[in-house]
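So the chains spell out like this:
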Amino acid sequence: MTRRLWFGWVAFWAWFFTATMSPLLVLHSAFEPTTATLRRWMRPWARLITGMSGIRLDVEQRAPLPEGPVIFVANHANSLDIMTTMLGLDRPFLYMARHEVRSWPFVGWVLEKSACLFINRDNPRQAVRDLREAASRVQAGDSVLLFPEGGRGHDHGLQPFMRGPFMLAVEAGVPLVPVTLVGNTGVLAERSFAAQPGRVRLVTDAAIPTEGLSRSDTAELAERVRRVVQAELATYGEPAELEGH
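What counts as what
Residues numbered from 1 in each chain as written. Predicted model: local features only at pLDDT ≥ 70, side-chain atom pairs only at ≥ 80, totals over all residues. Heavy atoms only, no water. Helix = DSSP H or I, 4+ residues; strand = E, 2+ residues; numbered from the N terminus. Polar contact = N/O pair within 3.5 Å; in protein donor to acceptor, adjacent residues only side chain to side chain. Phe/Tyr/Trp six-rings, centres within 6.5 Å; stacked < 30°, edge-to-face > 60°. Buried < 20%, exposed > 50% of the residue type's maximum accessible area, 1.4 Å probe, protein only. Lys NZ or Arg CZ within 6 Å of the ring centre and 35° of its normal. Pairing = 2+ DSSP bridges. Axes fitted to C-alpha atoms, helices over the stretch in contact; angles between N-to-C directions. Contact = heavy atoms within 4.5 Å. Parallel < 35°, antiparallel > 145°, perpendicular 65-115°, else oblique. Left-handed = near helix turned anticlockwise from the far one by under 90°. Nonpolar A, V, L, I, M, F, W, Y, C, P; charged D, E, K, R; others polar. Salt bridge = Lys/Arg side-chain N within 4 Å of Asp/Glu carboxyl O.

Draft legend 1. Region of interest: the environment of Tyr95. Turning to its location among the elements, Tyr95 is positioned in strand E3 (residues 94–98). Linking Tyr95 and Phe72, residues 23 residues apart in sequence, is a C-alpha distance of 9.6 Å. From its side chain, Tyr95 meets the backbone oxygen of Ile82 in a polar contact 2.7 Å long. A polar atom in the side chain of Tyr95 sits 3.2 Å from the side chain of Thr85.

Draft legend 2. Layout of the packing of aromatic side chains. Evaluated as defined, the whole model comprises twelve aromatic pairs. Seen in terms of ring centroids, Phe12 and Phe16 are 6.2 Å apart; in terms of plane orientation they differ by 20°. Their pairing is stacked. You can see Phe12 and its partner Phe16 sitting in helix H1 (residues 3–31), four residues apart, about one turn around the helix. Pairing Phe16 with Phe17 gives two aromatic rings, centres 5.3 Å apart and planes at 75°, and the pair type is edge-to-face. The exposure class of Phe16 is partly exposed, given its relative accessible area of 31%. Grouped by ring-pair contacts, the aromatic residues Trp6, Trp9, Phe12, Trp13, Trp15, Phe16 and Phe17 constitute a single cluster. Directly above the aromatic system of Phe161 lies the positively charged group of Arg226, at a separation of 5.9 Å from the ring centroid.

Draft legend 3. Seen up close, the sheet that holds E3. Reading across from one edge, E1-E9-E6-E2-E5-E3-E4 is the order of the seven strands in this open sheet, with mixed pairing throughout. The open sheet is flanked by strand E1 (55–61) and strand E4 (116–119), the only strands paired with a single partner. Neighbour-to-neighbour, the strand axes of the sheet open up by a mean angle of 25°, direction not taken into account. Pairing geometry for E1 and strand E9 (residues 198–204), over seven bridges, is parallel. Each residue of the ladder has a partner; that of Ile55, found in E9, is Gly198. Where helix H7 (residues 218–236) meets the sheet, it contacts E1, strand E2 (71–74), strand E6 (176–182) and E9, and its direction lies at approximately 30° from that of E6.

Draft legend 4. Geometry of unusual backbone geometry. With phi around 55°, Phe193 is a residue other than glycine that occupies positive phi space. Along the chain, the position of Phe193 falls in the loop between strand E7 (188–189) and strand E8 (194–195).

Draft legend 5. Layout of the packing of helix H2 (residues 35–52) against helix H3 (residues 80–88). Closest axis-to-axis distance for the H2/H3 pair is 9 Å, and the angle between their directions is 120°. In this view, H2 runs oblique relative to H3, as classed from their interaxial angle. You can see that H2 and H3 cross each other, and the crossing is left-handed. Residues Leu38, Arg39, Met42, Arg43, Trp45, Ala46, Arg47, Ile49 and Thr50 of H2 form the contact with H3, whose participating residues are Leu80, Ile82, Met83, Met86 and Leu87. In terms of residue class, the contact of H2 with H3 is built from ten nonpolar, one polar and three charged.

Draft legend 6. Spotlight on the pattern of salt bridges. Going through the model one piece at a time under the given rule, you end up with seven salt bridges. A salt bridge links Glu232 to Arg62; its shortest N-O distance comes to 2.9 Å. One end of the pair, Glu232, is in helix H7; the other, Arg62, is in the loop between E1 and E2, with 170 residues separating them in the sequence. Look at Glu232 and you get buried, because its relative accessible area is 7%. Where Arg215 meets Glu171, a salt bridge forms, and the shortest distance between an N and an O atom there is 3.5 Å. A residue pair is termed long-range when its members are at least 10 positions apart, and Arg215 in the loop between E9 and H7 and Glu171 in helix H6 (residues 164–172) qualify at 44 residues. Arg215 gets classed as partly exposed once you look at its relative accessible area, which sits at 38%.

Encoded structure:
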């Protein structure tokens, strides 16, 4: 089967399980808008899609997660990142997405009605309010996952890290956990409409404390996390370019 046909197969099952399971998530979230509810529905959703797509996930944890809430910070290559983080991170968490996602058909509605947060990067004042709201959720006990590149990179490399996730960690006073997603672009290439079965990897590194840090430390903190993720990507090497044929 060609990679373009396999992409169609993957897209069909992603659509099918999203359309059938998302209303149940929204309904449950109307009564319990918690990270546990999000995890309860999204883990089976992610497992079904990756299973039907022939994608297998290997998880490596360099150090135990600290007690209490954390900020997960991950590289972002493509849509598969949502599934692999939900399957690979051993703790309930909230996703924090850019506010444009709210306007996406169906997906934006589901995320808005479930335990997800949004940040408006186009409006600095609103962005600060969004980060403070997220910080209050973290201080109340919720972990959060953010993609500091601000969007999908569609390749094995890293884009510059934005400071918002690190300001959130400093504001909330909780540890940062670097998360590296390896090989997702080797099994899914959204731009060329190609896919193939294969193995991908999720690596969590030791948590980085933020106690005692201020906003003036966020640039250095962002660079520190970026170096960790870059080193992990270099360890496993770049997957072969995936193209339809």
